[in-house]
Amino acid sequence: MNNRQLFLSHLAQTTDFPLMIEIEKAEGVYMYGPGEKKYLDLISGIGVSNVGHRHPKVLTAIQEQLDKYLHLMVYGEYVQSPQTKLAKALTDTLPEHLDNVYLVNSGSEAVEGALKLAKRYTNRREIISCVNAYHGSSHGSLSVGGNEIFKRAYRPLLPGIRNVTYGSFYQLSEITTDTAAVIIETIQGEAGIKVACSNYFQALRKRCDETGTLLILDEIQAGFGRTGKFWAFEHFGIVPDILVCAKGMGGGMPIGAFIANKEVMGAFKNNPLLGHITTFGGHPVSAAASLATIKIIQEENLLDQVEIKAELFKKLLKHPKIKGIRNKGLMMAVEFESFDVLKPIIDLAIEKGVITDWFLFCDDAMRIAPPLIITEEQIHEACTVILAAIEEVN
């Protein structure tokens, strides 16, 4: 059996129509299939490869750690240099009071830990999240998701969850002294790159302070430079109580984290002991790759380039079929009339060697979130292909 047959026969599928793109290697912004078929990756593995595929400094960090040790013990028991150095580097990017890092394996796990921490610290049970939010697929993270289509088959989920509209000042009054936490994406991703105004976030922060509610910001997609700031909340003049990150954090390796201050995180120490545990969270190889990723973003000045590159995409992607472009940095949604118009364009662009996608809760918009290392020449290449696909399809 060839790889495609093995894929269909033995790997679990989540749709009846997988893309079936066979990839043999990847480098920088490109992926390569059989016969050296080349694809320009405009979605970064859904916001993962912020520093590109197989960045040399990430590979070096991985190799150096492989030569020392792999898994040693359940996270939080042994002093492991990759974990401690990563935690320090993360907190150095953050305001002073966000000084304590809990390392996990993924974004969903980070959300699970953040929700548990908020409940334990406040001794409250109500969680407020947003309509059309996406926070992951595990039971807890799915519970605070904001789209019933993805939730109804798995109910009952967590009780005490209420949804409000992202950006709605009016509904801030629903946050009360019964609310343990508000969990909100700083930039709504799967809703199609929705960006609330600074005044909203400041009002949200104020309401949480008034009610003793913890503010959890989900930056699983928006963090690690994606928006032109290291953290997206830096655009809005607020600071969360708990910050959630993953995806672009690992340079292609699986890792996530939730970050709070030491007092809040200390709620996991007692009643019960070991209030949150993970076997592989903070795996030393992933932690080494993540530390390298932070250094790359900083040392290669990738943040300074994000807005320039985003503006170039917006300048080049002009066509009567394009209804508009929403973005915060290189987190972009290119809007079309409908999914029926968009889907053939995506398919043809893939055939021509440029990979884009749509959004779970916004299927009339094309997702563009390339590696931050993409060059202006590569942006021209990608946009030329997309525009050609639009012309040929329509």
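Each remark here, short or long, concerns the structure printed above.
Residues numbered from 1 in each chain as written. Predicted model: local features only at pLDDT ≥ 70, side-chain atom pairs only at ≥ 80, totals over all residues. Heavy atoms only, no water.

K.L.:
Quick rundown of the pairing of strand E10 (residues 256–260)? Include the residues and the values.
P.N.:
Burial analysis of E10 places five of its five residues in the buried class, the great majority of the element. Alternating positions in E10 separate into two faces, Gly256, Phe258 and Ala260 on one and Ala257 and Ile259 on the other, with burial throughout. Examined bridge by bridge, strand E4 (residues 100–104) and E10 share five bridges and lie antiparallel to one another. Bridged to valine 104 within E10 is glycine 256. (Buried < 20%, exposed > 50% of the residue type's maximum accessible area, 1.4 Å probe, protein only. Helix = DSSP H or I, 4+ residues; strand = E, 2+ residues; numbered from the N terminus. Pairing = 2+ DSSP bridges.)

K.L.:
Lay out the sheet that holds strand E9 (residues 242–245) in plain terms, naming residues and giving numbers.
P.N.:
Taken in spatial order, the seven strands line up as E4-E10-E9-E8-E7-E5-E6 in an open sheet, and their pairing is mixed. Whereas interior strands pair on both sides, the edge strands pair on one side only; in this sheet they are E4 and strand E6 (161–164). Going from strand to strand, the sheet's axes swing by 20° on average, the running direction of each strand aside. Note that E9 and E10 share three bridges and pair antiparallel. Bridge pairing in E10 links leucine 243 to isoleucine 259. In this fold helix H5 (residues 107–122) packs onto E4, strand E5 (126–130), strand E7 (179–185), strand E8 (214–218), E9 and E10, with an angle of close to 165° to the strand it touches most, E9. Helix H8 (residues 198–211) rests against E7 and E8 of the sheet, and its axis sits at about 165° to E7. (Axes fitted to C-alpha atoms, helices over the stretch in contact; angles between N-to-C directions. Contact = heavy atoms within 4.5 Å.)

K.L.:
So what's going on with the sheet that holds strand E1 (residues 25–27)? Residues and values would help.
P.N.:
Strand pairing in a sheet is mediated by backbone hydrogen bonds. Such pairs are either parallel or antiparallel. Reading across from one edge, E1-E2-E3-E13 is the order of the four strands in this open sheet, with mixed pairing throughout. This sheet does not close on itself; its edge strands, each paired only once, are E1 and strand E13 (354–355). As judged from the two bridges shared by strand E3 (residues 38–41) and E13, these two strands associate in the parallel manner. Note that in E13 the partner of aspartate 41 across the bridge is isoleucine 355.

K.L.:
Residues and numbers for the packing of aromatic side chains, please.
P.N.:
Summed over the entire model, instances satisfying the criterion amount to 15 aromatic pairs. On the basis of an interplanar angle of 10° and a centroid distance of 4.9 Å, the ring pair of tyrosine 102 and phenylalanine 258 is categorised as stacked. You can see tyrosine 102 sitting in strand E4 and its partner phenylalanine 258 sitting in strand E10, a full 156 residues away along the chain. For the pair formed by tyrosine 102 and phenylalanine 258, the shared burial category is buried. The interplanar angle of 55° and the centroid separation of 6.3 Å between the aromatic rings of tyrosine 166 and tyrosine 200 together place this pair among those described as tilted. Of the two residues, tyrosine 166 sits in the loop between E6 and E7 while tyrosine 200 sits in helix H8, which places them 34 residues apart along the sequence. On the basis of relative accessibility, which here comes to 11%, the residue tyrosine 166 falls in the buried class. In textbook terms, an aromatic cluster arises when at least three aromatic residues are bridged by ring pairs, as seen for Tyr166, Phe169, Tyr200, Phe201 and Phe236. Positioned over the ring face of tyrosine 32 is lysine 25, at 5.3 Å from the centre of the ring. Here the basic side chain of lysine 37 rests over the ring of tyrosine 39, its NZ or CZ set 5.5 Å away from the ring centre. (Phe/Tyr/Trp six-rings, centres within 6.5 Å; stacked < 30°, edge-to-face > 60°. Lys NZ or Arg CZ within 6 Å of the ring centre and 35° of its normal.)

K.L.:
Go over the pattern of salt bridges with me, naming the residues and quoting the values.
P.N.:
All chains considered together, the criterion is met by 17 salt bridges. Across the salt bridge formed by lysine 25 and glutamate 36, the nearest N and O atoms sit 3.7 Å from each other. With lysine 25 in strand E1 and glutamate 36 in the loop between strand E2 (30–32) and E3, this pair connects stretches of sequence that are 11 residues apart. According to the relative accessible area criterion, lysine 25 is partly exposed, its value standing at 45%. In this structure glutamate 36 comes out as exposed when scored by relative accessible area, which is 51%. The closest approach of N and O atoms between arginine 367 and glutamate 190, which form a salt bridge, is 2.8 Å. You can see arginine 367 sitting in strand E15 (residues 362–368) and its partner glutamate 190 sitting in the loop between E7 and H8, a full 177 residues away along the chain. What you see here is one network of salt bridges that share partners, running through Lys57, Glu299 and Glu300. (Salt bridge = Lys/Arg side-chain N within 4 Å of Asp/Glu carboxyl O.)

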